[in-house]
2 protein chains.
Amino acid sequence: MDLVAMISHKETIVQALKDKGLRVTPQRFAVYANLLSRQDHPTVDQLLQDLNQELPVSSQATIYTSLQALQAAGLVREVLLEPGVTRYDANVDRHHHFRCRCCGAIEDVPWTAFRELNLDHVRAGLHADAYEVTVYGVCDRCQ
Amino acid sequence: MDLVAMISHKETIVQALKDKGLRVTPQRFAVYANLLSRQDHPTVDQLLQDLNQELPVSSQATIYTSLQALQAAGLVREVLLEPGVTRYDANVDRHHHFRCRCCGAIEDVPWTAFRELNLDHVRAGLHADAYEVTVYGVCDRCQ
DNA sequence: CTTTGTGCAAACGATTTGCAGGATG
DNA sequence: CATCCTGCAAATCGTTTGCACAAAG
C-alpha cells in the first residue's frame, strides 16, 4: 500500500469510528485498525501482544473496553468457536467460518459459498431472521 | 415413563457408557442421564444445581471431569454460543441450533430443517467434512 | 469545563489441577 | 489389589470493575 493509500485508509477508519459516534482515541484506533488488517480472528491477548510489540500502545483493560465499544457500535463481532476463548472479527458483513480441527485455525468463508438457506422450516413460532454456517475440517497446513 | 421403561432406559445408559470403555460411576451416570433428559443445554453450574437439589450427588470438579470423559467418548458435545459460557448437549447426532437474541435460550433445530449443503466451494485446499448452522432470532416467549 | 477514556490493580467467575482417600473392575 | 474416580481446596486464566488521572469535544 502506498503512502496516499495508507493515509486515506487511516481516514476511512477515523471516519468509521466518528460515524458511529465513537471518540477517536489512539487506543481505539489501534485496536480497530489492527483487527481490520488481519485475516485471523485474534484473542484479546493476541491483540495485546501485537499492539505493544514495538512500544506500549494500550493496556489490556483498555483493549477489553475498546472492543466492547466497537462491538456495541457494530464495527466488530465476536467469534466463539473454542471454550473459554473469545475471538474478534472486524468483518461484520455476513459470512461463515471454517475451523481446523487439528490446529484450531479459523478462517472466513464467503457468504456466497452456499446457496441461501430457507429459514421457514426452523420451527413454527420462532422468528428466525439470521444464520451462519460453521464448517469443520482440516486446513492445508495440517494435512 | 413406566417402571419397566425406566429400568431399560437406565440399562441403556449404563450400556452406552460401558460401550465407550468408561467406568460406570454414580456421578458419571447422573451427569449423562441428566443431560439426556433435558431439552436445554445446561452449563456446569446448572447441572450442579439440578443434580444436588435433593441430596448431594456430585461435586463441581467431578462434573467437569465427567463431562470431559463423556465428551472424549463422543457421548456429549459442547455448545458455544455465548462468551464465557460452555453448555453441554447429549444429542450428538448432527443437528443445528437456534439462539434467541432476547433471552439467550438455545434450542435444537433438526438436521432436516435445511437441505444438505455442498462443501465443495468452501475453499480449495481445505478438507471440509462437517458443518452446522446457527440460527438467530426471537423465540415464542420473547415476542 | 464537562464528559468520556485510560491504566493499574484488585475482584470476579469459570475451569483446571494436586493430592489424599475411596470406589471400581 | 492395582487402577481409576471423587472431593476438596488452591491455583489458573480470561474478563470485569473501582478509582485516580488524562484526554477529547
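Quick note: structure is the one above.
Residues numbered from 1 in each chain as written. Chains lettered and ligands numbered in written order. Predicted model: local features only at pLDDT ≥ 70, side-chain atom pairs only at ≥ 80, totals over all residues. Heavy atoms only, no water.

This next bit is on the interface of chain A and chain B. Taken together, the contacts link 37 residues of chain A with 37 residues of chain B. At the boundary of chain A with chain B, total buried surface from both sides reaches about 3,000 Å², with 56% on carbon and sulfur atoms. Here chain A is connected to chain B by 6 salt bridges. In this structure, the connection of chain A to chain B is made through 18 residue pairs in polar contact (both at pLDDT 80 or more). Of all the secondary-structure elements, those providing two or more residues to the side of chain A that touches chain B are strand E1 (77-82), strand E4 (106-109) and strand E5 (127-138) of chain A. Among the elements that take part in the side of chain A that touches chain B, E5(A) stands out by supplying 12 residues, more than any other. (Contact = heavy atoms within 4.5 Å. Buried area = accessible area lost by both parts, 1.4 Å probe. Salt bridge = Lys/Arg side-chain N within 4 Å of Asp/Glu carboxyl O. Polar contact = N/O pair within 3.5 Å; in protein donor to acceptor, adjacent residues only side chain to side chain. Helix = DSSP H or I, 4+ residues; strand = E, 2+ residues; numbered from the N terminus.)

This part takes up the protein's contact with DNA strand D. Residues in close proximity to DNA strand D total 16 residues, the closest being Tyr64(A), Thr25(B), Arg28(B), Ser59(B) and Thr62(B). Here DNA strand D approaches the protein such that, of its atoms within 4 Å, sugar and phosphate make up 80%. Contact distances for DNA strand D include 2.8 Å between a phosphate oxygen and a side-chain N or O atom of Thr62(B). Broken down by secondary-structure element, the contributors of at least two residues to the surface near DNA strand D are helix H4 (60-72) of chain A together with helix H2 (26-37) and helix H4 (60-72) of chain B. In terms of residues, the surface near DNA strand D owes the most to one element, H4(A), which gives 4 residues. (Near = heavy atom within 4 Å.)

This part is about the relation of the copies chain A and chain B. Expressed as a screw operation, the relation of chain A to chain B combines 0.0 Å of axial shift with a rotation of 179°, fitting to an RMSD of 0.1 Å. Accordingly, the operation relating the two chain copies is best matched by a two-fold axis. Across chain A, the smallest distance between a C-alpha and the rotation axis is recorded for Val133(A), namely 2.2 Å. The fraction of interface residues of chain A whose copies in chain B are also interface residues reaches 100%, indicating that both copies meet through the same surface. (Least-squares fit on C-alpha atoms with pLDDT ≥ 70 in both.)

Quick look at the pairing of E1(A) now. Residue and element names in this part refer to chain A. Counting buried residues in E1 gives 5 out of 6 residues, a clear majority hidden from the surface. Strand direction decides the pairing type here: E1 and strand E2 (residues 85-89), joined by 4 bridges, are antiparallel. Across the sheet, Glu82 pairs through a bridge with Val85, a residue of E2. A loop of 2 residues connects E1 with E2, the two strands running antiparallel in sequence, and Gly84 in this loop sits at a positive phi of about 75°. (Buried < 20%, exposed > 50% of the residue type's maximum accessible area, 1.4 Å probe, protein only. Pairing = 2+ DSSP bridges.)

Let's shift gears to the packing of aromatic side chains. Residue and element names in this part refer to chain A. Here the structure, examined in full by the defined rule, presents 2 aromatic pairs over all chains. Summarising the aromatic geometry, the rings of Trp111 and Tyr131 are spaced 5.0 Å apart at their centres and angled 45° between planes, so their arrangement reads as tilted. Of this pair, Trp111 sits in the loop between E4 and E5 while Tyr131 sits in strand E5, placing them 20 residues apart in sequence. For Trp111, a relative accessible area of 13% translates into the label buried. The ring of Phe29 has Lys10 lying over it, and the distance from NZ or CZ to the ring centre is 5.9 Å. (Phe/Tyr/Trp six-rings, centres within 6.5 Å; stacked < 30°, edge-to-face > 60°. Lys NZ or Arg CZ within 6 Å of the ring centre and 35° of its normal.)

To continue, consider the protein's contact with DNA strand C. Lining the immediate environment of DNA strand C, one finds 17 residues, of which Thr25(A), Arg28(A), Ser59(A), Thr62(A) and Tyr64(B) sit closest. Per the 4 Å cut-off to the protein, sugar and phosphate atoms form 78% of the nearby atoms of DNA strand C. Taking Arg23(A), its side chain carries an N or O atom lying 3.1 Å from a base oxygen of DNA strand C. At 2.8 Å from a phosphate oxygen of DNA strand C is found a side-chain nitrogen or oxygen belonging to Thr62(A). Breaking the surface near DNA strand C down by element, the ones donating at least two residues are helix H2 (26-37) and H4 of chain A together with H4 of chain B. Per-element accounting of the surface near DNA strand C gives the leading share, 4 residues, to H4(B). Looking at the surface near DNA strand C residue by residue, the class counts come to 5 nonpolar, 9 polar and 3 charged. (Nonpolar A, V, L, I, M, F, W, Y, C, P; charged D, E, K, R; others polar.)

This part covers the sheet that holds strand E4 (residues 106-109) of chain B. Two modes of strand pairing occur in sheets, parallel and antiparallel, and in both the strands are linked by backbone hydrogen bonds. Spatially, 6 strands are ordered E4(A)-E3(A)-E5(A)-E5(B)-E3(B)-E4(B) in an open sheet, and the strand pairing comes out mixed. A strand with exactly one partner marks an edge of an open sheet, and here the two such strands are E4 of chain A together with E4 of chain B. Shown here is a sheet whose adjacent strand axes are inclined to one another by a mean of 25°, direction ignored. (Axes fitted to C-alpha atoms, helices over the stretch in contact; angles between N-to-C directions.)

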